[in-house]
Amino acid sequence: MSLEGKAALVTGAASGIGRAVAARLEEAGMNVLAVDLHPDREGPGVAYEADLTLAEANAAAVAAARERFGRLDVVVPNAGVQHVAPIDEFPEERWQTIVSLMLTSPFMLAKHAWPALRDSGSGRFIAIVSVHGLVASPYKAAYVSAKHGLIGLVKTLALEGADAGIRATAVCPGYVRTPLVEAQISDQARAHGLPEDRVLEDVILAPHAVKELIEPSEVAEVVAFLAGPAGRAFTGVPVMMDQGWTAR
Ligand SMILES: NC(=O)c1ccc[n+]([C@@H]2O[C@H](COP(=O)([O-])OP(=O)(O)OC[C@H]3O[C@@H](n4cnc5c(N)ncnc54)[C@H](O)[C@@H]3O)[C@@H](O)[C@H]2O)c1
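In this report, we go over the structure that sits alongside the text. Here the structure is a predicted model, which means the values were calculated and not measured.

Regarding the side chain of Arg167
Link 1 in the chain: With respect to the helices, strands and loops of the structure, Arg167 is situated in strand β6 (residues 167-173).
Link 2 in the chain: It turns out Arg167 is buried and unbridged, and the closest side chain with the opposite charge, Asp163, is 9.9 Å from it.
Link 3 in the chain: In this structure, Arg167 is in contact with Gly123, Arg124, Phe125, Arg232, Phe234 and Thr235, ignoring residues within four places of it in sequence.

Next comes the structure, spelled out in C-alpha cells:
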C-alpha cells in the first residue's frame, strides 16, 4: 500500500506546515491538491484557491481533487490562523473565522471526501491539530476551542470509518517555525507586556521541556508516516510531537 499514484488534498498548503506536507506527500509519489486562500503557483502540488471559511468552498475543493486525480485517499486539514487577545476583548468575528476555518472546514472536508476515502480502501484523515487540542494557553480562546473540537471530530471519524479502512488522526505539535508563530511575537509582547526579543524564550518556548522550535519538515514526516502502511494502527488518537510540553 505505497503512496505512489494516490491522491491527497492538503489545506493551507502555500505556507509553513501545509507547504511542507504537500511537498513531502508529492515526494512520496502522490498527486496533491494544494488548497490555500493565497495559493502559491510555484509551490508543491496543484495550486487551488479557496476561502475555506466558506462551507461550499470545502465541497468544491474535494470535488476538484476527485475530478483532477480520479480518486482521493488522504485529506490533511491544516489551514489555520491565530488570534491572541484576552477573553473580554476577543473580537467576535475572529472567533467566527477561526471556528469556521479550523473546525467547520475539517468537518466539511470529511463529509464530502467520505465516499472517496471509503473507495480508497486505505483512506486517511490526518488533521494538523496542536498541543492546544489537549491543553490551553491564555488569550487564545478561539484557537484552543477549535483545536479541542477538532480532536473530537477525529475521534468520531475514527469510529465511523473503522469498517471502511479509514483512519483518522490528530497530529499535535508544539511550536513550529512558521510565519504563524513569527506573527504572534508582537501580539504576545503586547499581551504579556514584554519586549519582543524576550517573547520567544519567555513565552513561546516556556511550556516546551526542550526549548527548541519544531521544523515544518518534521511535522510533514509524521504525516507521511501516518498516511503510509506503517500508520495502519493509528486511529482516533492525538499524535503528540510537543517537545515534552504535555509531560508536565
Ligand atoms: N506553527 C505552529 O507552531 C503550529 C503548532 C501547532 C499546530 N499548528 C497548526 O498547523 C497549521 C498550519 O500552521 P502554520 O504555522 O503552518 O501556519 P501558516 O500561517 O504558515 O500557514 C497557514 C496557511 O493557511 C492559509 N489560510 C489562512 N486562512 C485561510 C482560509 N480562509 N482558507 C484557506 N487557506 C487559508 C494561509 O494562507 C497560509 O498559507 C494550523 O492549523 C496551525 O494551527 C501550528
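Observations concerning the site of the ligand
Link 1 in the chain: Around the ligand sit 29 residues in total, of which Ser15, Asp36, Tyr143, Val176 and Thr178 are the nearest.
Link 2 in the chain: Asp36 places a side-chain nitrogen or oxygen 2.5 Å from an oxygen atom of the ligand.
Link 3 in the chain: Backbone polar atom of Val176 to an oxygen atom of the ligand: 2.6 Å apart, as the coordinates give it.
Link 4 in the chain: Compared with its free state, where it exposes 830 Å², the ligand has 92% of that area covered by protein.

As for the pattern of salt bridges
Link 1 in the chain: Tallied over the full model, the rule gives seven salt bridges.
Link 2 in the chain: Taking the shortest distance from any N to any O, the salt bridge between Asp202 and Arg198 comes out at 2.8 Å. With Asp202 and Arg198 both in helix α6 (residues 196-204), this residue pair falls four residues apart, about one helical turn.

Calculation notes
- Residues numbered from 1 in each chain as written.
- Predicted model: local features only at pLDDT ≥ 70, side-chain atom pairs only at ≥ 80, totals over all residues.
- Heavy atoms only, no water.
- Helix = DSSP H or I, 4+ residues; strand = E, 2+ residues; numbered from the N terminus.
- Buried < 20%, exposed > 50% of the residue type's maximum accessible area, 1.4 Å probe, protein only.
- Lys, Arg positive; Asp, Glu negative; His and termini not counted.
- Salt bridge = Lys/Arg side-chain N within 4 Å of Asp/Glu carboxyl O.
- Contact = heavy atoms within 4.5 Å.
- Near = heavy atom within 4 Å.
- Polar contact = N/O pair within 3.5 Å; in protein donor to acceptor, adjacent residues only side chain to side chain.
- Areas by Shrake-Rupley, 256 points an atom, 1.4 Å probe, with all protein chains shown as cover.

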